[in-house]
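Letter by letter, the chains look like this.
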Amino acid sequence: MPHDAALGVPAHRADADPGGPTSAPPAPRRRRVPAAPYLLLLPALLALLAGLAYPVGRQVVMSLQKFGLEQQFGQPPEFVGADNFARVFTDDSLWSVVLRSIVFCLVNAGLTVLIGLGFALLMRAVGTAVRIVLQVCLLLAWAMPMVAGVTVFKWLFDYRTGVVNWLLVKLGFSGMDGFSWLSQPFTFFLVATLVIVWMSVPFVALSIYAGLTAVPDEVLEASRIDGAGGFQQLWYILLPMVRPVISIVLLLQIIWDLRVFAQIRLLQDAGAPVSETNLLGNFIYELGISRQDFGGAAAVSIFVLVLTVTLSWPYVRSLMKEDA
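Residues numbered from 1 in each chain as written. Predicted model: local features only at pLDDT ≥ 70, side-chain atom pairs only at ≥ 80, totals over all residues. Heavy atoms only, no water.

Explain helix H7 (residues 128-143) to me, please; I cannot follow it from the model alone.
Spacing of three or four residues puts side chains on the same side of an α-helix, whose turn is 3.6 residues. Taking 1.5 Å per residue, 16 residues should reach 22 Å; H7 reaches 22 Å between its end C-alpha atoms and fits that length. What H7 keeps buried is the set Arg131, Leu134, Leu138 and Ala141. Looking straight down H7, one finds its buried side chains confined to an arc of 90°; they lie on one side. Away from the buried face of H7 by more than 90 degrees, exposed residues Ala129, Leu140 and Ala143 are located. Looking at the buried positions of H7, the neighbouring elements they touch are helix H6 (92-125) and helix H10 (185-212). (Helix = DSSP H or I, 4+ residues; strand = E, 2+ residues; numbered from the N terminus. Expected span 1.5 Å × (residues − 1). Buried < 20%, exposed > 50% of the residue type's maximum accessible area, 1.4 Å probe, protein only. Arc of directions from axis to C-beta. Contact = heavy atoms within 4.5 Å.)

Which parts of the structure should I look at to understand the packing of aromatic side chains?
Two measures describe an aromatic ring pair: the distance that separates the ring centres and the angle between the ring planes. Under the counting rule described, the total for this entry stands at 13 aromatic pairs. Between the aromatic rings of Phe89 and Trp95, the centroid separation amounts to 5.9 Å while the plane-to-plane angle is 45°, which identifies the pairing as tilted. Of the residues examined, Phe89 reaches a relative accessible area of 23% and is grouped as partly exposed. The partly exposed category is assigned to Trp95, whose relative accessible area is 39%. Aromatic side chains Trp142 and Phe203 sit 5.7 Å apart centroid to centroid with 50° between the ring planes, which places their arrangement in the tilted category. With Trp142 in helix H7 and Phe203 in helix H10, this residue pair connects regions lying 61 residues apart in the sequence. Its relative accessible area of 43% is what places Trp142 among the partly exposed residues. Classification of Phe203 by relative accessible area gives buried; the value is 18%. Here the aromatic cluster, defined as three or more aromatic residues joined through ring pairs, consists of Phe85, Phe89, Trp95 and Phe303. (Phe/Tyr/Trp six-rings, centres within 6.5 Å; stacked < 30°, edge-to-face > 60°.)

Could you clarify how one ought to interpret the packing of H6 against H10 in this entry?
Each pair of packed helices can be described by the angle between their axes along with the distance between the axes. Running from amino to carboxyl end, H6 crosses H10 at an angle of 45°, the nearest separation of the two axes being 6 Å. By the criterion of interaxial angle, the relationship of H6 to H10 is oblique. Taken as a pair, H6 and H10 cross one another with a handedness that is right-handed. Its residues assigned to classes, the contact of H6 with H10 shows 20 nonpolar, five polar and two charged. (Axes fitted to C-alpha atoms, helices over the stretch in contact; angles between N-to-C directions. Parallel < 35°, antiparallel > 145°, perpendicular 65-115°, else oblique. Left-handed = near helix turned anticlockwise from the far one by under 90°. Nonpolar A, V, L, I, M, F, W, Y, C, P; charged D, E, K, R; others polar.)

How should the layout of surface pockets be read in this particular structure?
If you roll a probe as big as a water molecule over the atoms, it shows you where there is empty space left. A volume near 470 Å³ is recorded for the largest pocket. Together, 16 residues line the largest pocket, and Gln59, Arg259, Ser301, Val304 and Leu305 are the ones closest to its centre. Listed by contribution, the elements that provide at least two residues to the lining of the largest pocket are helix H3 (36-63), helix H13 (243-258), helix H16 (280-290) and helix H17 (294-323). Broken down by element, the residue count for the lining of the largest pocket peaks at five residues, all from H17. Looking at the lining of the largest pocket residue by residue, the class counts come to 11 nonpolar, four polar and one charged. Each pocket or cavity is described by its volume, and for the second largest pocket that value is around 260 Å³. (1 Å grid on protein atoms, 1.4 Å probe; cavity = no way out; pocket = protein on both sides within 12 Å on 5 of 7 lines; lining within 4 Å. Points joined across faces, edges and corners; volume = space filled by probe spheres on them.)

Help me understand the environment of Asn108, please; the structure alone is not making it clear to me.
As for its placement among the helices and strands, Asn108 is situated in helix H6. For the pair formed by Asn108 and Val197, sequence separation is 89 residues and the distance between their alpha carbons is 6.4 Å. Excluding anything up to four places from it in sequence, Asn108 contacts Thr193, Ile196, Val197 and Asp257. For Asn108, the side chain forms a polar contact with the main-chain oxygen of Phe104, separated by 2.6 Å. (Polar contact = N/O pair within 3.5 Å; in protein donor to acceptor, adjacent residues only side chain to side chain.)

What should I look at first to understand the packing of H6 against H7 in this one?
Contact geometry of H6 with H7 gives a least axis separation of 9 Å together with a crossing angle of 150°. Our classification of the angle between H6 and H7 gives roughly antiparallel. Together, Phe119, Leu122 and Met123 of H6 and Arg131, Leu134, Gln135 and Leu138 of H7 make up the contact between the two elements. Its residues assigned to classes, the contact of H6 with H7 shows five nonpolar, one polar and one charged.

What is the right way to read the environment of Leu220 from this model?
Turning to its location among the elements, Leu220 is positioned in helix H11 (residues 217-225). Spatially, the C-alpha atom of Leu220 lies 9.7 Å from that of Leu234, the residues being 14 residues apart in sequence. Among all residues touching Leu220, those that are not within four sequence positions of it are Arg124, Val215, Gln233, Ile237 and Leu238.

Sorry if this is basic, but what is going on with the side chain of Ser301 here?
Take Ser301: it is sitting in helix H17. Not counting residues within four places of it along the chain, the set of residues in contact with Ser301 comprises Gln59 and Ile284.

Just checking my understanding: could you explain the nonpolar core for this structure?
Ranked by size, the top nonpolar core spans 40 residues in total, and within it Leu94, Ile208, Ile246, Leu280 and Val300 carry the most contacts. Secondary structure elements with two or more residues in this core: H6, H7, H10, helix H12 (230-241), H13, H16 and H17. The element best represented in this core is H6, accounting for nine residues. If near-sequence neighbours (up to four positions away) are discounted, Ile246 is found in contact with Val113, Leu117, Ile208 and Leu239. (Core = buried A, V, L, I, M, F, W, Y, C linked by side-chain atoms within 4.5 Å.)

What follows is the structure, given as structure tokens:
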């Protein structure tokens, strides 16, 4: 008699039949996904679709039509299929604008995030009074209307009465007397970069500073006890902990800087060569308003939408991996 049977315990089937199959473990139960979060997101999704569905759809339809000045006065548009895309994309001027826009976008986004990170670290390091002054200055720069800010920079870099030229001449750069910053493409984009970075840094700096305030002081104190210096704390502790914030603000800056229009347009009004300083937004404006080629402008707009998704997709994918 088996020992288990002698104790009144029924013998296991595996003991009775060593060669028989063992019982399979129970299948794990699938976790039920709650529907409440999706229901809460539904109103925002519907509002987003209501605001974007018609404009984007109208843009797609117009990109497939011959839509010019006659159609503005009531003549029905003619369906031309992909002719607008073929005509616009075979224009060499478009690709020079695309390259110029991508370089300008990446340079401005990178500079904005680096300078904003520097201001955020500075606000974390200084005392309360200095930090409040810095935050007020950043908020004032951020709150200034865009047209007013660009106008101030046009005054600063004016070739006749600008303060920048006057200061450079006083410092010994006599060749800068009467120098026109906005009439040459390189110096034009230098001024444009100053304008856009100056207006974008406050948002990035305050966002990263908010992320830095969430870093526990105990972690930094423990690293100091272990002998970590300031750079090591920055590289191995602070930056990894605020990396999600930096990724988000960098993504937003790439999207915003790729679609910049008004700042470039206002600076062009000061006498800049339009064909050599156009970005994608200004190129679309020139096609639609100046040339009355609304079909071609719509085709370029669809291309800009695809380009924006292409440039931002790696960052979106990395954020999704971090949340997974």
